[in-house]
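Reading the structure
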Amino acid sequence: QAQVQESGGGLVPVGGSLRLSCRGSGRLFGLNNIDWYRQTPGKQRELVARIRPGGSTEYADSVKGRFTISRDGAKNTVYLQMNSLKPEDTAVYLCYTFYGTDTYWGQGTQVTVSS
């Protein structure tokens, strides 16, 4: 069964960096957009970054200039490099993609930025 799996979360001080990884089944990657979302209690899930099959990217205004999404096709992995982290970046980060009519969410990885 196809799936995606996140890793790389943790506890980091304000101004620190983390790199999240999203590894997926081979057929999922490269065909459609791969998105990173984040979720905090009581708030709507927020799209943080997106990478398209051709490699173009887009970011939420709140993370522009600090976060970078990239893809390693050989490893079927999408990365989210997060720099200059702020307390408001604290959230569960989830990877999302789709294939046909099927949607795929990972279980999420917790990022906590301590002030």
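Look a little higher up for the structure.
Every value quoted in this text rests on a predicted model; they were computed, and no experiment measured them. (Residues numbered from 1 in each chain as written. Predicted model: local features only at pLDDT ≥ 70, side-chain atom pairs only at ≥ 80, totals over all residues. Heavy atoms only, no water.)

Moving on, we get to the environment of Arg-71. With respect to the secondary-structure elements, Arg-71 resides in strand β7 (residues 67-72). Put simply, Arg-71 and Arg-38 are 33 residues apart on the chain and 19 Å apart in space, counted from C-alpha to C-alpha. Discounting chain neighbours no more than four positions away, the residues touching Arg-71 are Ile-51, Arg-52, Pro-53, Gly-55, Thr-77 and Val-78. Only 3.1 Å separates the side chain of Arg-71 from the backbone oxygen of Arg-52, close enough to count as a polar contact. (Helix = DSSP H or I, 4+ residues; strand = E, 2+ residues; numbered from the N terminus. Contact = heavy atoms within 4.5 Å. Polar contact = N/O pair within 3.5 Å; in protein donor to acceptor, adjacent residues only side chain to side chain.)

For the rest of this paragraph, the subject is the state of the cysteines. A complete count under the given rule lists 1 disulfide for this structure. The partner cysteine of Cys-22 in its disulfide is Cys-95, sulfur to sulfur 1.9 Å. The sign of the S-S torsion, about -75 degrees, decides the handedness of the disulfide formed by Cys-22 and Cys-95: left-handed. Here Cys-95 lies in strand β9 (residues 91-99) and Cys-22 lies in strand β3 (residues 18-24), a separation of 73 residues in the sequence. Just as Cys-22 is buried, Cys-95 falls in that class too. (Disulfide = S-S within 2.5 Å. Buried < 20%, exposed > 50% of the residue type's maximum accessible area, 1.4 Å probe, protein only.)

This part covers the pairing of strand β8 (residues 77-82). Most of β8 sits out of view: 5 of its 6 residues are buried. Direction of pairing for β3 relative to β8: antiparallel, over a ladder of 6 bridges. Within the sheet, the bridge partner assigned to Leu-18 lies in β8 and is Met-82. Where β7 meets β8, 6 bridges bridge the pair, whose relative direction is antiparallel. Residue pairing in the sheet places Thr-68 in a bridge with Gln-81 of β8. Joining the antiparallel neighbours β7 and β8 is a turn of 4 residues, in which Asn-76 adopts a positive phi near 50 degrees. (Pairing = 2+ DSSP bridges.)

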